Amino acid sequence: MRTRFGARSWLLVKADDVDGALSTIRSSKSPPADFRFFEAYCLYRQNKLDEALQSLKSQERSSATMLLESQILFRLNKMDACIDIYQNLPKPKIESVEVNSVAGLVAAGRASEVKRMMDKLGVKANNSFELAYNTACSLIELNKYTDAEQLLLVARRIGQETMVSDNFPEDEIENELAPIAVQLAYVQQLLGHKQEAIEAYTDVIKQDLADELSLAVAVNNLIALRGPRDVSDGLRKFDRLREKDKQNFHLAPGVDLKLFSKQRESIYVNRVLLLLHANKMDQARELVAALPDMFPDSVTPALLQAAVFVRENKAGKAEDILGQFSEKFPDKSKVVLLARAQVAAAAGHPHIAAESLAKIPDIQHMPATVATLVSLKERAGDIDGAAAVLDAAINWWSNAMTEDNKLSVLMQEAASFKLRHGREEDAARLYEELVKRHGSVEALVGLVTTVARVDVKKAEAYEKKLKPLPGLKAVDVNSLEKTSGAKHDEGISHVRITETYEEGKSKAKSKKKRKRKPKYPKGFDPANPGPPPDPERWLPKRERSSYRPKRKDKRAAQVRGSQGSVARDKHEAGATSNTSNSKSNQATTTKGASQNAVAEPSKPSSSKSRKKSRN
């Protein structure tokens, strides 16, 4: 019974039917102890990492369980524990333990320990193309991009030679070497060779490889490199990574399980940014709403939610979301508070921006932060608060033991600020301290001008410390003050003006104009120019003296009276009774005739008269 059970479970795992294998193992009330390992492996394949790790704890420690546990810890991003297990694995029994060890160190951010670990194990980077690839990744983390590029080229050559000798198919070779191609493109991107990187990413995407992980990284890096250019093409490329059955964007299981959390987050972030550039706000809002559950420990979802609200002109909601996140996660609040300050300042809420910056203690003394806070508080009308910021920064730098001390700069700006806002005594005290500490001439000038408003004698005492300007020793200041100013001497000025005019005239005469031959049209003979051109050739035709308007239609000449009037017959005109009222009757008849002409434009009388006029 146990043999049949074990064989079935093993075959299901080999057939990649993880769900069927897990259900078979759990259907038995008392499965064999050996197949508890397969249960943990199936849970690991289903990405139920915590359950898989818990299942392994009840089993004996062996090379297989240690290796699976290290893989689970690697997926959980617990790199230090993963490395500890790799270091305790028996090397002769486990193949490529050095490959996984280097990968774990790189993922844990301990790339500087790779060389020491490889020397301890007695291995070299060119032992295998996998080890060369992982070592190159450690060099990338150490910013040694040129060395990483050379080692990646070595890894590709070793991989090609190894797989060709093992009679691998060509498509399988390309699939195995796809991570190296993507990493080479990434190095080109880091080295600033943008066009080469774009071409390399595009080639990887066009090959349509079976390696979903390399395809996802290539698509994401290409979109990040191109930025907002060709947004629709970027969204189409992202659609190749999505799960087809779901309406909203979600990575396919094959991609989602293989990517690190940071890589998945980067893909979702770039997707949201493309949606914002494409002005697809509904899709962006839906995707952003799902990100906090996917990445609960990340700051990025809150920043993206705020970005969506800002794009919708809802700065107040963006400020609220960022403020709530900073209160919930104070250890991650620095970036969030900076974003909140920027949103509030752009929205015209200086008090909220200043409040957000004031909650970041480790940057309060920096000159840029101090200047920003003072400006924001001035805009908000909080002059006392702005002065308090300057005083706190001066106090911090007074006690700081650093080479690049900013105390003098801040004191100078603080004195100028207080003088601008009518606080002469505070400004004078700052200027006086600057003069005593640094002996600055600029501070001494500021001190004299400031103290002169409060204590003239003290200002005169400090004024004596100013060095006299060169060339002013012979000038008697008292006599200059007694004079009423310079007098205008007409004679001297007239002579000077005349002399200047004569000089200019003589210079103008001395300059001889160069005579140039006139340019004639082609075929023109100046000796026989022919008749002169018409002087009116530039005038419009109707303004020329030779212009004659065209004759109007003869029928128009026969029309008499106002427009639309009708001629009356002689007997109708003779029937008019009162000759004394002829003018008024004529006006009335004309008016009535014009109205009839408008109402009945085609009367027989008017048509006859037109025929007669033509005859």
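Residues numbered from 1 in each chain as written. Predicted model: local features only at pLDDT ≥ 70, side-chain atom pairs only at ≥ 80, totals over all residues. Heavy atoms only, no water.

### Considerations on a negative patch on the surface
Together, Glu 130, Glu 170, Asp 171, Glu 172, Glu 174 and Glu 176 give the surface a local cluster of negative charge. It is helix H11 (residues 170-190) that contributes the most residues to the negative patch, five residues altogether. With respect to the helices, strands and loops of the structure, Glu 174 is situated in helix H11. (Patch = residues over 30% accessible without salt bridge, like charges linked within 9 Å, V, L, I, M, F, W, Y side chains within 5 Å. Areas by Shrake-Rupley, 256 points an atom, 1.4 Å probe, with all protein chains shown as cover. Salt bridge = Lys/Arg side-chain N within 4 Å of Asp/Glu carboxyl O. Lys, Arg positive; Asp, Glu negative; His and termini not counted. Charge placed at Lys NZ, Arg CZ, Asp CG, Glu CD. Helix = DSSP H or I, 4+ residues; strand = E, 2+ residues; numbered from the N terminus.)

### Remarks on helix H16 (residues 261-277)
The terminal C-alpha atoms of H16, which comprises 17 residues, lie 25 Å apart, in line with the 24 Å expected from a rise of 1.5 Å per residue. Inspection of H16 places Arg 264, Glu 265, Ile 267, Tyr 268, Val 269, Asn 270, Arg 271, Val 272, Leu 274, Leu 275 and Leu 276 among the buried residues, and these make up the whole buried set. On its buried face, H16 sits against helix H13 (212-226), helix H14 (231-239), helix H15 (253-258), helix H17 (281-294) and helix H18 (300-311). Two residues or fewer past H16, Asn 279 is found with a positive phi of approximately 60 degrees. (Expected span 1.5 Å × (residues − 1). Buried < 20%, exposed > 50% of the residue type's maximum accessible area, 1.4 Å probe, protein only. Contact = heavy atoms within 4.5 Å.)

### Side note on the pattern of salt bridges
For the structure shown, the criterion picks out 20 salt bridges. The partner of Glu 312 in a salt bridge is Arg 285, with the nearest N and O atoms 2.5 Å apart. With Glu 312 in the loop between H18 and helix H19 (315-328) and Arg 285 in helix H17, this residue pair connects regions lying 27 residues apart in the sequence. With a closest N to O distance of 2.4 Å, Arg 423 and Asp 384 form a salt bridge. One end of the pair, Arg 423, is in the loop between helix H24 (407-420) and helix H25 (424-438); the other, Asp 384, is in helix H23 (residues 383-399), and 39 residues separate them in sequence. One connected set of salt bridges, linked through shared partners, spans Arg 226, Asp 233, Arg 236 and Lys 237.

### Points about the confidence of the model for the protein chain
Scored by pLDDT, the protein chain comes out at a mean of 77, with 71% of its residues at no less than 70. Here residues 1-15 is a poorly scored stretch, pLDDT under 50, and it has 22 contacts once near neighbours within four places are set aside; other chains count. Below a pLDDT of 50 lies the segment residues 565-615, which in the model reaches 16 contacts outside its immediate sequence neighbourhood of four places, other chains included. (pLDDT = per-residue confidence, 0-100.)

### Remarks on the side chain of Arg 264
Considering the arrangement of structural elements, one finds Arg 264 in helix H16. A relative accessible area of 18% means that Arg 264 is categorised as buried. Other than its neighbours up to four places away in sequence, Arg 264 contacts Leu 251, Asp 256, Leu 259 and Phe 295.

### Examining unusual backbone geometry
Its identity as a non-glycine residue notwithstanding, Asn 143 has a phi of 65 degrees, on the positive side. With respect to the element layout, Asn 143 can be found in the loop between helix H9 (129-141) and helix H10 (145-165). A positive phi angle, close to 60 degrees, is found at Asn 279, a residue other than glycine. Take Asn 279: it is sitting in the loop between H16 and H17.

### Quick look at the packing of helix H5 (residues 63-75) against helix H7 (residues 97-107)
Remark: H5 packs on H7, axes separated minimally by 11 Å, with the N-to-C direction vectors making an angle of 25 degrees. Between H5 and H7, the crossing angle belongs to the class labelled roughly parallel. H5 and H7 meet at a crossing whose hand is left-handed. Counted together, Leu 67, Gln 71 and Phe 74 of H5 and Asn 100, Ala 103, Gly 104 and Ala 107 of H7 form the full contact between these two elements. In terms of residue class, the contact of H5 with H7 is made up of four nonpolar, three polar and no charged. (Axes fitted to C-alpha atoms, helices over the stretch in contact; angles between N-to-C directions. Parallel < 35°, antiparallel > 145°, perpendicular 65-115°, else oblique. Left-handed = near helix turned anticlockwise from the far one by under 90°. Nonpolar A, V, L, I, M, F, W, Y, C, P; charged D, E, K, R; others polar.)

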